[in-house]
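# Coordinate inspection notes
Below, each chain spelled out in residue letters.
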Amino acid sequence: MVNCRCGLLTLKQEPVPLKSVEVEVEVRDHVATVVSTLNYENQEDNPLEAVFVFPLPGDAAVCHFSAKIGQTEIVAEVKEKQKAREEYDDALSSGQQAFLLEESEQSPDIFSLSVGCLPPKESASIRLEYVTELAVQADDGLRFCLPAVLNPRYQPQGSGDQGGSNIQMTSIPASKVPYSLSFCARVSSPRPVVKIESNCSLDPLQYLNTEQTQATTKLAAGHKFDRDVEVLIYYKDAHQPTAVVEAGEASAKPGTLMGDPAVMLSLYPEFPQSVMSSVASCGEFVCLLDRSGSMGVQLNNSENHQSRIGSARDTLLLLLKSLPLGCYFNIYSFGSSYEHIFPKSVEYSQKTMEEALKKVGEMEANLAGTEILRPLQHIYSQPCIQNQPRQLFVFTDGEVGNTKEVIDLVKKNSHLHRCFSFGIGEGASSALINGLAKEGGGHAQFITGTDRMQPKVMQSLRYALQPAVIDVSVSWDLPKDMSVSVLSPPITALFQGQRSLVYAQLSGQIPEAAEGSVTVKYTLAGQPSQNQFNFSLRPAEDSGLTVHRLAARALIRSLEMENRESKDQQDESVKKKVVELSVQSGVSSAFTAFVAVNKGDGEAIQGPLVQRNVPTATPKGGRSFFLKGMFSTKSRKKRSVERSQVSTTKKSEKSGVAYTEQCLSFDSEDMCESTGLRQRDPLLQLVSLQKASGCWDLAPDLAAAVGKTSEEVEKQKPASVSQEVWATILSLIWLHGFKMDSKDEWELLAMKAVSWLRAQNVSCVEECVDAGNALLGCKVQKDVLGL
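Residues numbered from 1 in each chain as written. Predicted model: local features only at pLDDT ≥ 70, side-chain atom pairs only at ≥ 80, totals over all residues. Heavy atoms only, no water.

Counting secondary structure elements, the protein contains 17 helices and 38 strands. Within the protein, the fraction of its 787 residues that count as buried is 59%. In the protein, of all internal contacts separated by at least 6 residues, the share reaching a separation of at least 24 is 76%. Working note: accessible area of the protein is about 32100 Å², and carbon and sulfur atoms make up 48% of it. (Helix = DSSP H or I, 4+ residues; strand = E, 2+ residues; numbered from the N terminus. Buried < 20%, exposed > 50% of the residue type's maximum accessible area, 1.4 Å probe, protein only. Contact = heavy atoms within 4.5 Å. Areas by Shrake-Rupley, 256 points an atom, 1.4 Å probe, with all protein chains shown as cover.)

This is how it looks when you write it as structure tokens:
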């Protein structure tokens, strides 16, 4: 055992050189600039190489990396990845301090930071900066997430370690994390900041001006590393289109991305109300549910101690009850293998719904790994059903190692479907969840902290029931002698109330007080529509190069995908473009890395170099692990490094994933969840009784769900009305009278019930409503019910 004077130990009793992480976030409207400072200290007797593998938002543009040793600051340069690695290795071989930051080979939301040759008793401060867009949530909040939890990324067999990587993702339980985290955020916007919420405890919001357009907050003391830090920002009148024009970099060559002005447009298309008020009655709805072992982990919800798989089962119940008659559906589940309820999608009826619900109720987190690629390939191999647009719902905790391969498959089949993705629990891969939705023309949602999965999934179902927007085009109207080059991928999906971002490079001379306009044209439900937005071409003040870096990131990601799709794998032209753009803009990519070498006084640092892997937190109930293969090091020079992490490992035969022997088991309460031990939510109890047609039967279970006896319900029923009509009206009154705070969850199935009632041509609706109100003690009006 290594003697650690600082008292900071990993599970393997090794000292941890990372002492603290300080994060400062500046949010301007819907863009965040994040500066992380990582403070290292070597209290051992030998020089160290500290390797830290950690998550970042999948769409972040990493744009600065520097190290400060004493009073000396070294700013890293972006270089082609192999050259950066060789420079780093050469420096270590000659006893020089060096620093390397690189993106994972497999997933753009995992980075490795190597601090090499940190001398004994020496400290180093690493500064990492990135910019990222904030996603719009269903309730119009803007979501910023600081990933603090790293889940193991499952490597399917055959896609594992690429060349014997020595870099390892190491993780331990949140309670064992030996370094501290401080977090503060400053928010500014042209519109007032209404509120800021978080899944973690924040200090009270402080406004910095009387207009309340600037505010600040910070993480309360005592933060535990058991969850990502999620912050939701709410502005007044959030749905306003905006444009930010940014001047180019003075030292950059005109005609290049960094030398010319860049513009970021945030568009909020408004659809005709006549189209939005109608709900589609067709479609093929395919659900793909993760049943890997990690889905047995408890959600961070102290109210009901429910596991991820338990919440997913309840959600599928709501979703199945809300589907329209006449549609088709199927449910797949996956782990190391995959299963489906029906051989192919079936028509939605009472019989098929009951069969599916029975199978869903039996689903557990018992299918081992997370191999999502094979079930997706099977789904796409099934022929589409004529006049039934395919809508794919993917539920996963996002712990896969082949993220890019999965996203590429979804994009390849994007013309056949829309994909709606849900990241469940802490540490879900933002690159996977956002990538599935973006390339599949759908919408992404994250369920963390005390979030309920059901309202978010029902919001996505509403999007899926909207007619697909097709033939989207964006046209520009700019002053004479100006031209535009769009840098972001074409818009392929539009949803009511959701933002679409467009990045572009502007060339030519911008006249004083000039304006430009953008027109978005599209076809919706067979009707041509358009939205126009006028904006000032005057560059914003003090915006730095944020827009340029985000634009570069968008273009780099498009080129990387083009490179992966290329049939000629030997064609290096696209890769060369990415490297040039990455170096020019200072933004990281899959083919580049940041490297810095401290040449100092030229004297070599003496002593054997010891590697220390800095651990990252797993959420409560997770497993400690290290996983190889996320960073390819097959061409690195061999160095004489003492590997203190060479522990005995065991390998899953199915997965090829190496876990440490010191694996933590899931909490027993998480794995032993059963409906017999957990009292069921009355809302879900009532929902479970609804028939596929939308009506309810008058039964003892229904009476119990609304809190009455069978005798009371029978006695109050108007004599002239049928039992089904009475039960259905009673259920609607109960929903409106007692569950309005959950309306997002039951609104669609209530609409189905109202449609059924209208089809019955009931003559005594008012009498039924009065009787139902009297029985339940409510005052719900007939018109509120939609009758």
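From this point, the discussion proceeds with the structure in view.
This part covers the environment of Q466. Positionally, Q466 belongs in the loop between α8 (453–465) and β27 (469–477). Spatially, the C-alpha atom of Q466 lies 8.1 Å from that of F495, the residues being 29 residues apart in sequence.

This part takes up the pairing of strand β17 (residues 229–235). Walk down a regular strand and you will see the side chains alternate between the two sheet faces. Among the seven residues of β17, seven are classified as buried, and the element is accordingly described as predominantly covered. Here β17 shows no split at all, with V229, V231, I233 and Y235 on one side and E230, L232 and Y234 on the other all buried. Pairing between strand β11 (residues 142–146) and β17: five bridges, direction antiparallel. Across the sheet, the residue bridging to L142 is I233, located in β17. Summarising the sheet, strand β14 (residues 193–198) and β17 pair through five bridges and their orientation is antiparallel. (Pairing = 2+ DSSP bridges.)

As a further point, take the sheet that holds β14. Spatial strand order, β10-β11-β17-β14: four strands in an open sheet with antiparallel pairing. The open sheet has two edge strands with one neighbour each: β10 (135–136) and β14.

What follows deals with helix α6 (residues 403–412). For α6, the buried fraction is high: seven of the 10 residues fall into the buried class. Every buried residue of α6 is accounted for by T403, K404, V406, I407, D408, L409 and V410. Residues of α6 that are buried sit in contact with β7 (97–103), α5 (373–381), β25 (417–424), α7 (430–439) and α9 (546–565).

Here we come to the packing of helix α3 (residues 308–322) against α8. Working note: a packed helix pair is described by the angle between its axes plus the distance between those axes. Direction vectors running N to C along α3 and α8 enclose 40°, while the axes themselves pass 9 Å from each other. It follows from the interaxial angle that α3 and α8 lie oblique. Note on packing geometry: the crossing formed by α3 with α8 is right-handed. Two secondary-structure elements touch here, α3 through R308, S311, A312, D314, T315, L318, L319 and S322 and α8 through M453, Q454, V457, M458 and L461. Here the contact of α3 with α8 is built from residues that sort into seven nonpolar, four polar and two charged. (Axes fitted to C-alpha atoms, helices over the stretch in contact; angles between N-to-C directions. Parallel < 35°, antiparallel > 145°, perpendicular 65-115°, else oblique. Left-handed = near helix turned anticlockwise from the far one by under 90°. Nonpolar A, V, L, I, M, F, W, Y, C, P; charged D, E, K, R; others polar.)

A separate point is the environment of L749. Secondary-structure assignment places L749 in helix α16 (residues 743–759). Residue L749 is classed as buried on the basis of its relative accessible area, which comes to 0%. Separated by 427 residues in sequence, L749 and S322 place their C-alpha atoms 4.5 Å apart.

Relative to the assigned elements, R308 resides in helix α3. Taking the relative accessible area as the measure of exposure, R308 reaches 2% and is therefore buried. Reaching out from R308, the side chain makes a polar contact with the side chain of D397 at a distance of 3.1 Å. (Polar contact = N/O pair within 3.5 Å; in protein donor to acceptor, adjacent residues only side chain to side chain.)

Any region with low pLDDT has predicted coordinates that should not be read closely. Predicted confidence across the protein gives a mean pLDDT of 83, with 85% of residues reaching 70 or more. Between residues 160–166, whose pLDDT stays under 50, and residues either more than four places distant or in other chains, the model counts 19 contacts. Contacts for the low-pLDDT stretch residues 634–678, under 50 throughout, to residues beyond four places or in other chains number 103 contacts. (pLDDT = per-residue confidence, 0-100.)

By the alternation rule, side chains of strand β26 (residues 444–447) split into A444 and F446 and Q445 and I447, which are all buried. Note that β25 and β26 share four bridges and pair parallel. In the sheet register, I424 faces β26, and the bridge partner there is I447. Read from β25 through α7 to β26, the crossover connection turns out right-handed. (Right-handed = clockwise from strand over helix to strand, strands pointing away.)

The next subject is the sheet that holds strand β30 (residues 515–524). Strand pairing in a sheet takes place through backbone hydrogen bonds and is either antiparallel or parallel in direction. Read from one edge of the open sheet, three strands run β27-β30-β31, paired in antiparallel fashion. Every interior strand has two partners, whereas the edge strands, β27 and β31 (527–536), have only one. When strand polarity is set aside, the average angle formed by the axes of neighbouring strands in this sheet is 15°. Bridge count between β27 and β30: seven bridges; the pairing is antiparallel.

Our focus in this paragraph is α8. With 13 residues, α8 should reach 18 Å at 1.5 Å per residue; the first-to-last C-alpha distance of 19 Å fits that figure. Judged by how many residues are buried, α8 sits mostly within the fold: 12 of 13 residues are covered. Among the residues of α8, those classed as buried are M453, Q454, K456, V457, M458, Q459, S460, L461, R462, Y463, A464 and L465. Packed against the buried residues of α8 are β20 (284–290), α3, β24 (390–396), β25, β26 and α16. (Expected span 1.5 Å × (residues − 1).)

This next bit is on the nonpolar core. By size, the foremost hydrophobic cluster in this structure holds 81 residues, and its most contacted members are F393 and F395. Sort the elements by how many residues they give to this core and helix α15 (residues 723–738) lands first, with nine residues. Among all residues touching F393, those that are not within four sequence positions of it are F285, V286, C287, L288, L319, F420, F422, V457, S460, L461 and A464. V34, A50, A124 and V193 belong to the second largest nonpolar core, which has 60 residues in total. (Core = buried A, V, L, I, M, F, W, Y, C linked by side-chain atoms within 4.5 Å.)

For the structure shown, the criterion picks out 24 salt bridges. Ionic pairing is found between R291 and E339, a salt bridge with its closest N-O pair at 3.0 Å. Taken as a pair, R291 in the loop between β20 and α3 and E339 in strand β22 (residues 338–340) lie far apart in primary sequence, 48 residues in all. When its relative accessible area of 38% is taken as the criterion, E339 is described as partly exposed. Ionic pairing is found between E362 and K358, a salt bridge with its closest N-O pair at 3.2 Å. (Salt bridge = Lys/Arg side-chain N within 4 Å of Asp/Glu carboxyl O.)

So, about unusual backbone geometry. Residue D29 is not a glycine yet carries a positive backbone phi of 60°. Tracing the chain through its elements places D29 in the loop between β1 (18–28) and β2 (31–41). Even without being glycine, C117 reaches a positive phi, approximately 60°. Following the sequence through the fold, C117 ends up in strand β8 (residues 110–118). For C117, a relative accessible area of 4% corresponds to the buried category.

With that settled, the discussion passes to the state of the cysteines. Scanning the model with the defined rule gives zero disulfides in all. Lacking any disulfide linkage, C145 is separated from the closest cysteine sulfur, that of C200, by 9.1 Å. (Disulfide = S-S within 2.5 Å.)

Attention shifts here to the packing of α6 against α9. Orientation of α6 relative to α9, taken along the N-to-C sense of each, is 85°, at an axis distance of 11 Å. Relative to α9, the element α6 lies roughly perpendicular. Seen from α6, the contacting residues are K404, I407, D408 and K411; seen from α9, they are M561, R564 and E565. When its residues are assigned to classes, the contact of α6 with α9 shows two nonpolar, no polar and five charged.

Scanning the model with the defined rule gives 15 aromatic pairs in all. Relative to F342, the ring of F329 has its centre 5.6 Å away and its plane inclined at 85°; by these criteria the two rings are edge-to-face. With a gap of 13 residues between them, F329 in strand β21 (residues 328–334) and F342 in the loop between β22 and β23 (346–347) connect regions that are remote in the sequence. Given a relative accessible area of 6%, F342 falls into the buried group. (Phe/Tyr/Trp six-rings, centres within 6.5 Å; stacked < 30°, edge-to-face > 60°.)

Our focus in this paragraph is the environment of P383. Note on placement: P383 falls in the loop between α5 and β24. Expressed as a C-alpha distance, the spacing of P383 and K344, which sit 39 residues apart in the sequence, is 9.3 Å.

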